[in-house]
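Coordinates in review
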Amino acid sequence: MKTIKELEEIRKKTLDVVNQRKDRTTTRIVVGMATCGIAAGARPVLLAIMDEVSKLGLSDVIVAQTGCIGLCRLEPIVEVIKPGEEKVTYIKMTPEKARRIVKEHVVEGKVVDEYVMHVVDGKVLNDYSVQND
Amino acid sequence: MAFYRSQVLVCGGTGCTSSESMVILENLKNEIKKHGIENEIEVVRTGCFGLCELGPIVIVYPEGAFYSKVKPEDLPELVEEHLVKGRILKRLVYHEAMEDDRIKSLNNFGFYKKQYRVALRNCGVIDPENIDEYIAFDGYKALEKVLTEMTPEEVVKVVKESGLRGRGGGGFPTGLKWELTAKEKADQKYIICNADEGDPGAFMDRSVLEGDPHSVLEAMAIGGYAIGASKGFIYVRAEYPIAVQRLEVAIKQAREYGLLGDDILGTGFSFDIELRLGSGAFVCGEETALMQSIEGRRGMPVPKPPFPAQSGLWKKPTVINNVETYANIPAIILNGSQWFRSIGTEKSSGTKVFALGGKITNTGLVEIPMGTTLREIIFEIGGGIPKGKKFKAVQTGGPSGGCIAAQHLDTPIEYDTLIALGSMMGSGGMIVMDEDNCMVDVARFFLDFTRDESCGKCTPCRIGTKRMLEILEKITQGKGTLEDIDKLEELAKEIKASALCGLGQTAPNPVLSTLKYFRDEYIAHVVDKKCPAGVCKALMRYTIVDNVCKKCGICAKACPVGAITGKVKEHFEINQDKCVKCGACMEKCPFKAIIKK
Ligand SMILES: Cc1cc2nc3c(=O)[nH]c(=O)nc-3n(C[C@H](O)[C@H](O)[C@H](O)COP(=O)(O)O)c2cc1C
Ligand code: SF4
Ligand code: SF4
Ligand code: SF4
Ligand code: FES
Ligand code: FES
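Below is a summary of the structure that appears in this document. Just so it is clear, the structure is predicted and the values come from calculations on it, not from any experiment. (Residues numbered from 1 in each chain as written. Chains lettered and ligands numbered in written order. Predicted model: local features only at pLDDT ≥ 70, side-chain atom pairs only at ≥ 80, totals over all residues. Heavy atoms only, no water.)

With respect to the sheet that holds strand β11 (residues 391-396) of chain B
All names here are of chain B. Counted only if it meets this: Strand pairing requires that DSSP identify at least two bridges connecting the strands. In this text, helices come from DSSP runs of H or I with a minimum length of four residues, and strands from runs of E with a minimum of two, each type numbered from the N-terminal end. For helices, the fitted line uses only the C-alpha atoms of the stretch in contact; every axis is such a line through C-alpha atoms, and the angle between N-to-C directions lies from 0 to 180 degrees.
One open sheet accounts for five strands, arranged β10-β9-β13-β11-β12; its pairing is mixed. The outermost strands of the open sheet, each flanked by one partner alone, are β10 (364-369) and β12 (402-405). Put simply, the sheet's adjacent strands are angled 30 degrees from each other on average, direction ignored. Pairing of strand β9 (residues 351-358) with β10, which is carried by six bridges, proceeds in the antiparallel orientation.

Structural data, given as structure tokens:
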């Protein structure tokens, strides 16, 4: 059983891991894993990220799942929060794309622009449906 | 898959096509070939971006350069500058897109701007299977505060003063419910969380349970302390396997930390929670039926009074609240009732989560302060109606709610305003309909649902919904009369007044509200035998427009039932008695000579 004091310690200790602010020390990769995310293929994405992280032997990276982000139609959604930087939201992920993000963004520090959500006038632009036949 | 260094998207939506985007597509491909880079650059035709007034639109990735109002004569320069030399052609880039052309964090996106997250505060932020992360965001701090600093009466008082009303549909004041139950004297009391969520199209509660299960556990423990209950049940539908699993994990972790179980945090207060899986009948979401089901009986409503506060689960005083109602509680305890009252309106404080669906650009989950207008939700947060179609109505409250027409789009969302419009808040399903939706068919859809889900205990609902459905089907088949419309209205009012439980009492709402706002559509079906939206198959006719038809005979080959007869180069006709209205001919005709009306 935990005491109130112990809860407060957990609170302090975990806050750095979870908070979305810039003063954190680890990189956090978050995958939306509610029903719609999973239906859109979030699980293979999560597994690919974990696999890539362990393959590259990254230690200061936390891979976490989270609940509904609210934009089901853009799932799977992956967010990368690096220390000292703004959160970057990637949409419509696949395992391959996610591996690229781990390699290029998390390791080399280059945001993979192609997969970042683009918005003009409140409309998402890379939410297109391909119509080539 | 080939690897292209760059992708050029050309919008092929109706808006842009009418502003010559197809010419641009062709010229673009030619220009690219001219430079011999066709193997490096992929040209993609896409659906509408929703910015038709700026069309034709061309977007180049990976830069995400957004070119608007592109003309065919711009293309040589565009290809040369951007695709060959890699320099963005500033003169064509849409001005708004220049600085802020890319959203790094979802939180800055317009979709979130008008939202205010209380119930969903942790969803999408914390790992729901890690209790430490919940604790890090002040989780279980409200329980701590309640157990160490507040009396049960004070807890009830804060909830009462916050003005929180039930988010499960009815909008009953939560504090009052807690107060009534707390006053009862009994050896045992219960706290129940209603996570049945049977409204088709709704998934607010599921998202809370999947994204932030501990907030519900914490709130139930707070409720237990406030009313003097030591036992709680969460009644969750078995069709929510992820929610069930996350709840199981959460309960286990909370027990390990001593946040559930005996002597919580060493304060002497004991409280534990059990899960009960529901079979998914809609009526089991009704509170009395739900309690019957937990007791192991068939889930059927029983008459009220007595109310659960006096005689609920196993005849003991019981508080039953909805998932989202609970999710608000810890935030209210920590931030105070005045804070909660400062959000929303006088009579409906706080926020409400809606599941946006139907004909809307941004489908998904939104949480807005009460008092936000329907227009703001649909057009600003929801991004409006796709494909440039016209808004027709919005359905709230699911099978118990109604359709609200365009003239009421500026109504602020509150419990009472929605009821005044003939709909209701419901649990938060919000389905948007456009000009292609037939309102008679919509009413039929919901009535079909309630007829199916009626438990059959009382006659008005069992027989009445069946009769209403029969009439609606008759109308959609073009066999209805004006008397049928009157009969439908009469039946609806009778069922509303005499059904035993909320299911029957609200089942006629979809019919009554569509009759109120779209009576002309009903009349078109029975008098003109036409379905203005072109949905009701029986009322549709496919015909060949003879002067457009090139007599090629392709349609006749496409027809699966041989309804099209004629001779090549002479004349073709559709035999209406044989036609099954499959639309195959219309799709296949290369000259758009077949029309549907
Ligand atoms: C047919 C019917 C279905 C219902 N389904 C649900 C449901 O799925 N979830 C829910 O929370 N309330 C549902 N309710 C409302 C409950 O009876 C009850 O009012 C509610 O759980 C009380 O919680 P609240 O005050 O927090 O909203 C339903 C009511 C009726 C009549
Ligand atoms: S109104 Fe319908 S669902 Fe409710 S008790 Fe009567 S028959 Fe059953
Ligand atoms: S709609 Fe279908 S059944 Fe009717 S004529 Fe066309 S192809 Fe034949
Ligand atoms: S396919 Fe079109 S053009 Fe050809 S015969 Fe049929 S209606 Fe006429
Ligand atoms: S459930 Fe995935 S974003 Fe809503
Ligand atoms: S048709 Fe192109 S943006 Fe709408």
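Moving on, there is more to tell.
Quick notes on the interface of chain B and chain A
Keep this limit in mind: By definition in these notes, contact holds between two residues if any of their heavy atoms fall within 4.5 Å. For any pair of parts, buried area is found by adding up, for both, the accessible area (1.4 Å probe) each one loses once the two are put together. One speaks of a salt bridge when a side-chain nitrogen belonging to Lys or Arg is within 4 Å of a carboxyl oxygen belonging to Asp or Glu. The term polar contact refers here to a pair of N or O atoms within 3.5 Å; inside protein, the definition further demands a hydrogen-donor-capable atom paired with an acceptor-capable atom, and it admits residues adjacent in sequence only when both atoms are side-chain atoms. When residues are grouped by polarity, Ala, Val, Leu, Ile, Met, Phe, Trp, Tyr, Cys and Pro land in nonpolar, Asp, Glu, Lys and Arg in charged, and all others, Gly among them, in polar.
Contacts between chain B and chain A engage 73 residues on the former and 56 residues on the latter. In this assembly, chain B packs against chain A so that about 5400 Å² is buried in total across both faces, 57% of it on carbon and sulfur atoms. Connecting chain B to chain A are two salt bridges. As a salt-bridge pair, B:E144 and A:R11 come within 3.6 Å of each other at their nearest N and O atoms. Remark: the boundary between chain B and chain A carries 15 residue pairs in polar contact (both at pLDDT 80 or more). Broken down by class, the residue content of the side of chain B that touches chain A amounts to 30 nonpolar, 22 polar and 21 charged.

Describing the site of ligand 1
All names here are of chain B. Rules: Note on terminology: near, applied to a residue and a molecule or strand, indicates that one of the residue's heavy atoms is within 4 Å of it. Computed by Shrake-Rupley with a 1.4 Å probe, the accessible areas treat only the displayed protein chains as cover when residues are assessed.
Taken together, 18 residues sit near ligand 1, with G168, N194, N321, N322 and T325 positioned nearest. Contacts to ligand 1 include R167, whose backbone N or O atom sits 3.4 Å from an oxygen atom. T325 is positioned with one of its side-chain polar atoms (N or O) 2.7 Å from an oxygen atom of ligand 1. Protein contacts shield 87% of the accessible area of ligand 1, which totals 610 Å² for the unbound molecule. Put simply, the parts of the chain that give the shell around ligand 1 at least two residues each are β8 (318-322) and α20 (502-506). Of the residues assigned to the shell around ligand 1, the class counts are three nonpolar, nine polar and six charged.

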